[in-house]
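What the coordinates show
Here's the letter readout for the chains.
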Amino acid sequence: MTRKTPPFQEFNSRLRAARDMRGWSQAVLAERTELPPSSIAHFETGSRKPSFDNLRRLAVALEVTTDYLMGRVDEPTLAKDGDPLFRDVAKLSGHDRDLAKNFLEMLAKQNKEKNGA
Amino acid sequence: MASSLRLRLAKQSAEALIQKLQIPCLPIDPFLIAEKHDIAIQAKPNTAIGVSGMLLRHGEAFGIMYATNISSEGFQRFSVAHELGHYFLEGHIDHVFKDGDVHESQAGFTSGDIHELEADHFAAGLLMPSHLFLDEQAQHEAGLHAIEELSRACRTSLTATAIAYAESTEDAVAVVLSTGPLVDFCCMSELMRSKGNFNWPRKGTPVPRNTATAELNAHADRVATADRETREADAVAWFGGDRSLPCVEEVAGLGSYGRTLTVLSCPTLEDEVDDEEDDASEESMLDHWAHRF
């Protein structure tokens, strides 16, 4: 199931849930992501928000998708492919929209290859 | 958190990244940094106008598109570095992808949005990290010459370099960007801000009459052909204040960009501060001896 929620409404609880699922302490997750242990603690309490770089490191280490961590899907391994992929490109004007659309298609292909789908 | 602190932290975050990546010298390559972080980069065709850059995501794959309709290498590198700012800075996810998976930017200190300004300061810190920038700066005479040399070393635009220079130099310097009869932007060095007792010209303030800048700006062709001029001036004409302060006004047209860069250097103010410090030091020494005996 996919849905549209604001990013990070559920991030801290999702991160905690994913870490618990792996049975790792915050220190272990910090080591595997090369992030300071204090950052993990701050992310889980919601006192700090991660960068995209942090988010991607966390997702890779925990073997979940960034969409799951952001609360955009409920299954840890599911990406938000079910939604109309390019709907947000509509916000861009003219030529930029076409360029973004083509580039997103390339990224989608790249993502699929990475996931071995 | 105060916005000035947020902007300083954004710059420091970029500088920390340069240190972490152990990049030892200028110029910094934002394309290589993107590649190392598995971020795809694609140039927009040079015929395409529109946004200066876009950060896009699909699942775990990230990409940056950047504009090339402005042929300046410095502008393009800054645009890519700005998008990297959105990628590396904490708290930008809500802002960048609040509605979807595409974020579009207008890099170059033109936005009033705090997230865009943070990305601009990240870009400045990434391309002109203080520890490397200051080493390079120390090798050149103060003023426009230093800015041009730094611009070459960092492969950044004269505009972005001039702002970074004014923010980091210990000399009494002000940098003004103007278009035609109006000031677009002004940045003063710490010494100018703290000791000059000047009024800060805001955006839209008229360029003072009878200055080299006003005369160059009156001729669009001189701006377009990147003409330049150096002249003795008085800081009071530019910034008001309570007394006359001789300075050197160096002016350079920025070509097709349509703007003019003015660098005002006030060595007299530096001398005054040096004298004050000498006097203070002497008084302190006399005081010290008086206490002993």
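Remember, predicted model here, so these are calculated numbers, not experimental data.

Considerations on the confidence of the model for chain A
Mean pLDDT for chain A: 82, with 79% of residues reaching 70 or above. A low-confidence stretch, residues 82–87 of chain A stays under pLDDT 50, and its non-local contacts, those more than four residues away or across chains, total nine contacts.

Some thoughts on the environment of Asp113 of chain B
By secondary structure assignment, the location of Asp113 of chain B is in the loop between β4 (102–105) and α5 (114–127). A distance of 2.7 Å separates a polar atom in the side chain of Asp113 of chain B from the backbone nitrogen of His115 of chain B.

Quick look at the packing of helix α6 (residues 130–137) of chain B against helix α7 (residues 144–154) of chain B
Residues and elements named next belong to chain B. Where α6 contacts α7, the two axes come as close as 10 Å, and the packing angle between them is 135°. Taken together, α6 and α7 sit at an angle that is classed as oblique. Of the two elements, α6 crosses α7, and the hand of that crossing is right-handed. Touching Phe133, Glu136 and Gln137 of α6 are Glu149, Leu150, Ala153 and Cys154, all from α7. Classifying every residue of the contact of α6 with α7 by side-chain character gives four nonpolar, one polar and two charged.

Remarks on the pairing of strand β2 (residues 53–58) of chain B
Residue and element names in this part refer to chain B. Extensive coverage of β2 is indicated by the burial of six of its six residues. Side chains of β2 alternate between two faces, with Gly53, Leu55 and Arg57 and Met54, Leu56 and His58 buried alike. Relative to strand β3 (residues 61–66), β2 runs antiparallel, the two sharing six bridges. Bridging across to β3, Leu55 finds its partner in Ile64. Between β2 and β3, which pair antiparallel in sequence order, lie two residues; one of them, Gly59, sits at a positive phi of approximately 60°.

The rules behind the values
- Residues numbered from 1 in each chain as written.
- Chains lettered and ligands numbered in written order.
- Predicted model: local features only at pLDDT ≥ 70, side-chain atom pairs only at ≥ 80, totals over all residues.
- Heavy atoms only, no water.
- pLDDT = per-residue confidence, 0-100.
- Contact = heavy atoms within 4.5 Å.
- Helix = DSSP H or I, 4+ residues; strand = E, 2+ residues; numbered from the N terminus.
- Polar contact = N/O pair within 3.5 Å; in protein donor to acceptor, adjacent residues only side chain to side chain.
- Axes fitted to C-alpha atoms, helices over the stretch in contact; angles between N-to-C directions.
- Parallel < 35°, antiparallel > 145°, perpendicular 65-115°, else oblique.
- Left-handed = near helix turned anticlockwise from the far one by under 90°.
- Nonpolar A, V, L, I, M, F, W, Y, C, P; charged D, E, K, R; others polar.
- Buried < 20%, exposed > 50% of the residue type's maximum accessible area, 1.4 Å probe, protein only.
- Pairing = 2+ DSSP bridges.

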